[in-house]
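Listed below, chain by chain, are the residues.
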Amino acid sequence: MDQSTETVYQLTDFGKQYLDKRHAVRSLDRAMFEGRSRDLADLGMRLQAESTASPYDPRTIDIKGPGDFSTARLLRDALRHHERGDVDGALLVCHEAQRLSPAYHESWRVEAFIQAGQRDVAAARAAHERAFELAPDSSTLNYLYGTFLVGEAVDPTLGLEMLQKAAILAEIPPVVVNEIAWAHIQLQDFEAAVTAASHSITLKPDRYDGLVAMTTGIRAGVYSVRRRVEGGELDSAVECIESAVDLVESGRVEMLLGEPADRIVQLMDSGNSLLRRIDDNFLLESLDSLLGRLKDRLRVVDPDALGRRVGVVTNVRQDKKFGFVRSWGNDYFFHLSDLMDENEWAYLDSGVAVAFYPDEGGMKGPRAAALRWLG
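First things first, this report covers the structure right here in the doc. (Residues numbered from 1 in each chain as written. Predicted model: local features only at pLDDT ≥ 70, side-chain atom pairs only at ≥ 80, totals over all residues. Heavy atoms only, no water.)

Broken down by element type, the protein carries 15 helices and 5 strands. Restricting to contacts in the protein with at least 6 residues of sequence separation, those with at least 24 account for 60%. About 18,600 Å² of surface is accessible on the protein, with carbon and sulfur atoms providing 50% of the total. (Helix = DSSP H or I, 4+ residues; strand = E, 2+ residues; numbered from the N terminus. Contact = heavy atoms within 4.5 Å. Areas by Shrake-Rupley, 256 points an atom, 1.4 Å probe, with all protein chains shown as cover.)

Under the defined criterion, the tally for this structure stands at 21 salt bridges. Between Arg299 and Asp296 there is a salt bridge; the shortest N-O distance is 3.1 Å. On the criterion of helical spacing, the pair formed by Arg299 and Asp296 is a turn pair, its members being 3 residues apart in helix α15 (residues 281-301). Measuring nitrogen to oxygen at the nearest pair gives 3.0 Å for the salt bridge that ties Asp331 to Arg326. Judged by its relative accessible area of 40%, Asp331 is partly exposed. (Salt bridge = Lys/Arg side-chain N within 4 Å of Asp/Glu carboxyl O. Buried < 20%, exposed > 50% of the residue type's maximum accessible area, 1.4 Å probe, protein only.)

The subject of this paragraph is the pairing of strand β4 (residues 353-359). Where strand β1 (residues 309-317) and β4 come together, 4 bridges link them in antiparallel fashion. Paired with Gly311 across the two strands is Val354, which belongs to β4. As paired elements, β4 and strand β5 (residues 367-373) share 5 bridges and run antiparallel to each other. When the sheet's bridge partners are listed, Ala355 is paired in β5 with Arg372. (Pairing = 2+ DSSP bridges.)

Another aspect to go through is the packing of helix α14 (residues 259-275) against α15. Running from N to C, α14 and α15 cross one another at 160 degrees; their axes reach a closest spacing of 10 Å. Here α15 runs roughly antiparallel to α14, going by the angle between their axes. As α14 packs across α15, the resulting crossing turns out to be left-handed. On α15, the residues touching Ala261, Ile264, Val265, Leu267, Met268, Gly271, Asn272, Leu274 and Leu275 of α14 are Leu284, Leu287, Asp288, Leu291, Leu294, Lys295 and Leu298. Considering only residue class, the contact of α14 with α15 consists of 12 nonpolar, 2 polar and 2 charged. (Axes fitted to C-alpha atoms, helices over the stretch in contact; angles between N-to-C directions. Parallel < 35°, antiparallel > 145°, perpendicular 65-115°, else oblique. Left-handed = near helix turned anticlockwise from the far one by under 90°. Nonpolar A, V, L, I, M, F, W, Y, C, P; charged D, E, K, R; others polar.)

With that settled, consider the layout of surface pockets. Of the pockets and cavities examined, the largest pocket occupies roughly 850 Å³. Contributing elements (two or more residues each) for the lining of the largest pocket: α8 (139-151), α10 (174-186) and α12 (207-230). When residues of the lining of the largest pocket are assigned to their parent elements, the largest contribution, 6 residues, is made by α12. When grouped by side-chain class, the residues that make up the lining of the largest pocket number 11 nonpolar, 6 polar and 7 charged. There is about 390 Å³ of room inside the second largest pocket. Its residues assigned to classes, the lining of the second largest pocket comprises 8 nonpolar, 7 polar and 5 charged. (1 Å grid on protein atoms, 1.4 Å probe; cavity = no way out; pocket = protein on both sides within 12 Å on 5 of 7 lines; lining within 4 Å. Points joined across faces, edges and corners; volume = space filled by probe spheres on them.)

Here the focus is the packing of aromatic side chains. Following the criterion strictly, the structure yields 10 aromatic pairs and no others. Here Tyr56 and Tyr143 contribute two aromatic rings whose centre-to-centre distance is 5.0 Å and whose plane-to-plane angle is 80 degrees, an arrangement assigned as edge-to-face. Taken together, the residues Tyr56 in the loop between α3 (27-53) and α4 (69-83) and Tyr143 in helix α8 connect sequence positions 87 residues apart. The same class applies to Tyr56 as to Tyr143, namely buried. Taken together, the ring pairs connect Phe132, Tyr145 and Phe148 into an aromatic cluster. Above the plane of the ring of Trp108 lies Arg130, whose end atom (NZ or CZ) is 5.7 Å from the centre. Over the face of the ring belonging to Trp328 we find Arg309, whose NZ or CZ atom lies 3.9 Å from the ring centre. (Phe/Tyr/Trp six-rings, centres within 6.5 Å; stacked < 30°, edge-to-face > 60°. Lys NZ or Arg CZ within 6 Å of the ring centre and 35° of its normal.)

With their axes 10 Å apart at the nearest point, α4 and helix α6 (residues 105-117) run at an angle of 5 degrees to one another. In terms of orientation, α4 and α6 fall into the roughly parallel class. Contacts between α4 and α6 involve Thr71, Leu75, Ala78, Leu79 and His82 from the former and Glu106, Ser107, Val110, Phe113 and Ile114 from the latter. Partitioning the contact of α4 with α6 into residue classes produces 6 nonpolar, 3 polar and 1 charged.

Right, let's get into unusual backbone geometry. The phi dihedral of Arg119 falls on the positive side, at around 65 degrees, and the residue is not glycine. Tracing the sequence through the fold places Arg119 in the loop between α6 and α7 (121-134). By relative accessible area, Arg119 is classed as exposed at 58%. Residue Trp328 is not a glycine yet carries a positive backbone phi of 55 degrees.

This paragraph deals with the nonpolar core. When a protein is soluble and globular, its nonpolar side chains tend to lie buried together. Residues Ile218, Ile241, Ile264, Leu267, Leu274 and Leu294 are the most contacted members of the largest nonpolar core, which totals 38 residues. Among the secondary structure elements, those contributing two or more residues to this core are α11 (190-202), α12, α13 (234-250), α14, α15 and β4. Per element, the largest residue contribution to this core is 9 residues, and it comes from α13. Excluding anything up to four places from it in sequence, Ile218 contacts Leu247, Val248, Leu256, Pro260, Arg263, Ile264 and Leu267. Counting 17 residues, the second largest nonpolar core, distinct from the first, contains Ala90, Tyr104, Val110 and Ile114. (Core = buried A, V, L, I, M, F, W, Y, C linked by side-chain atoms within 4.5 Å.)

By themselves these figures say nothing about function.
Pasting the structure below:
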């Protein structure tokens, strides 16, 4: 008897009484069936507990009741195949789950997750759409499908709508609001992104979700200032900086370590550039005060970050794994080994903003150390 057949045995009390009367079975067989039933029920309860604890994790299976246990077990096996790199095996198990429970949305949603991991965007979207047809009012599904649409840039507008629906359907957690903020960035509604990130902080997120909110919100603030300055709206640019400063001051210190600190440096750099373009005394005083607040906050978060600098990549030699950054009128050499995260090398190109520590005493001249991609 194969494993897939074993998953469908779950005897109710009525079932056991019926078998005793109409189709008596040997005690050993009955013990085997009842043992499998208990195992399946135990597994279902564990999966249900995981679903309650981490409903927005795509590797968590959404279970509403005992009727989902058998198929949920298959889907758990599909995810294990996927984790081992056996994509074909994972998809075969998903299809088996779909045949077993064609109306169970998770059978299709798990397939969408696996297809997305293979970068098969079309297949992933088709599976997501089928899942959504079956459970349009699932807050978790609206979140996961919306995140896919935004993250893959398939349809950010529809993705934002689904994320907002997820926020309405359930008690809104920070992870959903963070995705809403990111969707606003994708749609270039930067002020709305700052507002969403600020709201996420009010929901008392854990350190990770708080860090995501800060990174997303400050990044949106920089983009917003840049666009306002390009449009000649200098007073509005100052207002954008004020919104970002309020966000920075609203979170706990541990939420600002790492990339958020570099985003603060980037925001300060934008503010200092703006200072040189303003001739209105009131705006000058306001902006100077805001920049002072950012500096004070950064000093509390990481005093060393005050020595960080923002620059623009001017040249990258992909074959030699080195390039140059221009900042404050100087050129700084960097090598792949100077990146804080070598995976960011693929994103480095001319015109890209980065943060780094300037090392003026390098053997080959000024060097950019501990370089981070800012986009």
